[in-house]
Amino acid sequence: MSTYDYIIVGAGSAGCVMANRLSANPKNQVLLLEAGPEDRNYWIHVPVGYGKNVSNTAVNWCMESEPEEYLYGQRYFLPRGKVLGGSSSINGMVYVRGQVEDYDQWAQMGCRGWSYDDVLPYFRKAEHNERGESEIHGVGGPLGVSDVIDKSIIYDAMIEAGQEIGIPYNDDINGRVQEGIGYHQATIRDGKRCSTAVAYLNPAKKRPNLRVEADAQAKHVIFEGKRAVGVAYDRKGTPQEARAGTSVILCGGAFASPQLLELSGVGQPERLKDLGIAVTHELPGVGENLQDHFVVRMRWRIKNAETLNERVHGLRALGEGIKYYLQRKGALTLPTLPIGAFVRTRPELATPDVQFQIFPGSYKAIEDRKLDKEPGVTNGVTMLRLEGRGHVHAKSADPKAQPGIWHNMLATENDRRTTIAGMWMARRMMEAPAMQPYMSFEMTPGPEAQDDDAFLEYARRTGASNWHPAGTCKMGTDPMAVVDPSLKVHGLDGLRVVDASVMPNVVCGNTNAPTIMIAEKAADMILAS
Ligand SMILES: Cc1cc2nc3c(=O)[nH]c(=O)nc-3n(C[C@H](O)[C@H](O)[C@H](O)COP(=O)(O)OP(=O)(O)OC[C@H]3O[C@@H](n4cnc5c(N)ncnc54)[C@H](O)[C@@H]3O)c2cc1C
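Residues numbered from 1 in each chain as written. Predicted model: local features only at pLDDT ≥ 70, side-chain atom pairs only at ≥ 80, totals over all residues. Heavy atoms only, no water.

Chemist: Which parts of the structure should I look at to understand the sheet that holds strand β7 (residues 143–147)?
Modeler: Backbone-to-backbone hydrogen bonds pair the strands of a sheet. The strands run either parallel or antiparallel. Taken in spatial order, the four strands of this open sheet run β5-β9-β7-β6, and their pairing is mixed. Of all strands in the sheet, those with a lone pairing partner are β5 (94–95) and β6 (127–129), marking the two edges. (Pairing = 2+ DSSP bridges. Helix = DSSP H or I, 4+ residues; strand = E, 2+ residues; numbered from the N terminus.)

If you want it as structure tokens, here you go:
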């Protein structure tokens, strides 16, 4: 059996950061295990290739939720990256950090050392922002962050329309004030996706003290008493074991990390016994506190302006392909959401509670993810602070079986009220004067939806997870916390969790940059200890 200092499970947004930073010290022997393959799929690296891999099982776990109680028993489609780079290799590349208040609240919840002022240096350390260095942004870090280069009159019109209904213009939604509408920045460098595999792993791969094993799926952590001493895994169908002298670090993401803990006997004893798993350590919070964002997609047919739809069909697609190949320009460089907004649905709120995720195209039917041929845009009206909590638990002792995932979205009156208010705001924005030259008609929910009940009905029928699961191994010091603020699993030695699952509350915004920040800070803490 090979022995390492650190074994990292999962080469996703967090795992690749950990592998780079820990192996930067040549004294550390590091093993990185990833269930998926190398990131050779061409479409991973072309920004608009997002559409190709969002349901490609070669690089994506393509999970599914359990029937959602408050949404007519819908099962959500839940893509997760299964490839080097993890979800950062298949995500929408939108660079969003969340609100200052998110992190101050983490600190307030008992996570000392995680206030905004504490985490800002790690956002800056990770980043190479093409806008240059500032108090908020960093340069020289591994993660390329760039402005949208393929701008369009339709985005400008929507930004103006937002201002016409009272949303302030915001040039940097990652600044100290998140509220406002404007262009996003994206994790794109030189026209190509900057996943954590590209940013962090590729520069470190040649180090003799780092071993990266793709197609290697961890089955469980190996314990001696209460100390984690290794990992059992399958590599290309062959059972293997590796030993960790210092620490096993789980970076499997918000669904896989709690499942792996349960498969290793860490969790709620009754649940484990039901699955026939011997209890290593009782920890009631494992898999609880699932939080995500809830998105309702409203779509409009557009006139007198181009959208992504027409540009990626037929001969136009060929032209865009050539332009991208020769110049790294055009439609293929687009992140999913070139523009967006963070809004307050009630003036008395201190900070935004809804995000407008503005996609420059429209799907024929939301389920089949095929773009319309005629011009269209989509506003994914996204609830940032749902009150409902869900959970994730192993349904079988078989590591290859998907865990059960329950979100409980729209479970509370406040969640429903916020959803409806956000949808009305989105409609008002699209009907504002600046949009008049371009507005053809509202496709969904459509003009027949004229009251709150009709909006709620649409949200219940078509709303979905925004693919930002977090919180299932939450950090904290209360009895339901799974890891402490140094991300060590409570009550065990030699075991940490470092990924989106440790967020005590999901941040108000997309979760890739916050997860990278978590890993940067975790690596610093580990190296300092
Ligand atoms: C389709 C999609 C679009 C998104 N768009 C955006 C966006 O535009 N902007 C944004 O900020 N966020 C976005 N997100 C969210 C963001 O990408 C995730 O929150 C973030 O990547 C989570 O990082 P992680 O390290 O926690 O998990 P992941 O990046 O998912 O990494 C987990 C890794 O662990 C591996 N793994 C799991 N189980 C095992 C095992 N047993 N053995 C070995 N390896 C294992 C997985 O294969 C995976 O590679 C999106 C997510 C998805 C899925």
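There is more to say after this.
Chemist: Just checking my understanding: could you explain empty space enclosed by the protein for this structure?
Modeler: Over the atoms rolls a probe the size of a water molecule, and its path tells where empty space is left. Counted under the stated rule, the structure contains one cavity of 30 Å³ or more. For the largest cavity, the calculated volume is near 30 Å³. Residue classes in the lining of the largest cavity are distributed as three nonpolar, three polar and one charged. (1 Å grid on protein atoms, 1.4 Å probe; cavity = no way out; pocket = protein on both sides within 12 Å on 5 of 7 lines; lining within 4 Å. Points joined across faces, edges and corners; volume = space filled by probe spheres on them. Nonpolar A, V, L, I, M, F, W, Y, C, P; charged D, E, K, R; others polar.)

Chemist: Sorry if this is basic, but what is going on with the site of the ligand here?
Modeler: Taken together, 38 residues lie near the ligand, and Ser 13, Glu 34, Ser 87, Thr 511 and Asn 512 sit nearest. Within the backbone of Gly 81, a nitrogen or oxygen atom sits 3.3 Å from an oxygen atom of the ligand. Expressed as a share of its isolated accessible area of 1,000 Å², the protein-covered part of the ligand is 97%. Elements with a minimum of two residues in the shell around the ligand: α1 (13–23), β13 (216–224), α8 (253–263) and α14 (512–528). (Near = heavy atom within 4 Å. Polar contact = N/O pair within 3.5 Å; in protein donor to acceptor, adjacent residues only side chain to side chain. Areas by Shrake-Rupley, 256 points an atom, 1.4 Å probe, with all protein chains shown as cover.)

Chemist: It is not clear to me how helix α12 (residues 413–430) should be interpreted in this structure. Could you clarify?
Modeler: Three or four residues apart is the spacing at which side chains of an α-helix point the same way, because the helix has 3.6 residues per turn. With 18 residues, α12 ought to run about 26 Å at 1.5 Å a step, and its terminal C-alpha atoms sit 26 Å apart, in line with that. Here α12 lies mainly inside the structure; 13 of its 18 residues are buried. (Expected span 1.5 Å × (residues − 1). Buried < 20%, exposed > 50% of the residue type's maximum accessible area, 1.4 Å probe, protein only.)

Chemist: I keep staring at the packing of aromatic side chains and nothing clicks. Help me out?
Modeler: Think of a pair of aromatic rings as described by two things: how far the centres are apart, and how the planes are tilted against each other in angle. Applying the stated criterion across every chain, the model contains eight aromatic pairs. With 6.3 Å between their ring centres and 90° between their planes, Phe 77 and Trp 467 make a pair best called edge-to-face. In this pair, Phe 77 is assigned in strand β4 (residues 77–78) and Trp 467 in the loop between β25 (464–465) and β26 (495–497), connecting sequence segments 390 residues apart. Between Phe 359 and Tyr 363, the ring centres sit 5.5 Å apart and the planes meet at 15°, which makes this aromatic pair stacked. According to the relative accessible area criterion, Phe 359 is buried, its value standing at 11%. With relative accessibility at 15%, the residue Tyr 363 sits in the buried group. (Phe/Tyr/Trp six-rings, centres within 6.5 Å; stacked < 30°, edge-to-face > 60°.)

Chemist: Hey, could you run me through the domain arrangement of the protein chain in this one?
Modeler: By convention, interface size is frequently given as the accessible area that disappears when the constituent parts associate. For the protein chain, the assigned domains read domain 1 (1–61 + 78–97 + 189–291 + 392–400 + 468–529) and domain 2 (149–183 + 294–383 + 410–462). Between domain 1 and domain 2, the residue contacts involve 20 residues of the former and 18 residues of the latter. Interface area for domain 1 against domain 2, summed over the two sides, is near 1,400 Å², with a carbon-plus-sulfur share of 59%. The largest share of the area that domain 1 buries against domain 2 comes from Val 48, Val 94 and Cys 508, three residues that together contribute 26% of it. Across the contact surface, domain 1 and domain 2 share zero salt bridges. Along the contact surface separating domain 1 from domain 2 lie seven residue pairs in polar contact (both at pLDDT 80 or more). (Domains from an automatic or database assignment. Contact = heavy atoms within 4.5 Å. Buried area = accessible area lost by both parts, 1.4 Å probe. Salt bridge = Lys/Arg side-chain N within 4 Å of Asp/Glu carboxyl O.)

Chemist: What's the story with the environment of Leu 260 in this structure? I'm lost.
Modeler: Its location among the elements puts Leu 260 in helix α8. Remark: the alpha-carbon pair of Leu 260 and Gln 163, spanning 97 residues in sequence, is separated by 47 Å. Dropping the residues within four chain positions of it, Leu 260 is found in contact with Val 9, Ala 218, Lys 219, His 220 and Leu 250.

Chemist: I keep staring at the environment of Met 409 and nothing clicks. Help me out?
Modeler: In this structure, Met 409 sits in the loop between β23 (404–406) and α12. Residue Met 409 is classed as buried on the basis of its relative accessible area of 2%. In this structure, the C-alpha to C-alpha distance between Met 409 and Arg 460, residues 51 residues apart in sequence, is 9.4 Å. Not counting residues up to four positions away in its chain, the partners in contact with Met 409 are Glu 68, Tyr 70, Leu 71, Tyr 76, Asp 292, His 293, Phe 294, Leu 386, Ala 464 and Ser 465.

Chemist: Sorry if this is basic, but what is going on with the layout of surface pockets here?
Modeler: The calculated volume of the second largest pocket comes to roughly 580 Å³. Forming the walls of the second largest pocket are 27 residues, and the residues nearest its centre are Val 48, Gly 51, Lys 52, Val 312 and Leu 371. Top element by residues in the lining of the second largest pocket is helix α11 (residues 314–327). It accounts for four residues. Here the residues of the lining of the second largest pocket are counted per class, giving 16 nonpolar, five polar and six charged. Taken together, domain 1 (1–61 + 78–97 + 189–291 + 392–400 + 468–529) and domain 2 (149–183 + 294–383 + 410–462) each give at least three residues to the lining of the second largest pocket, which thus spans both.

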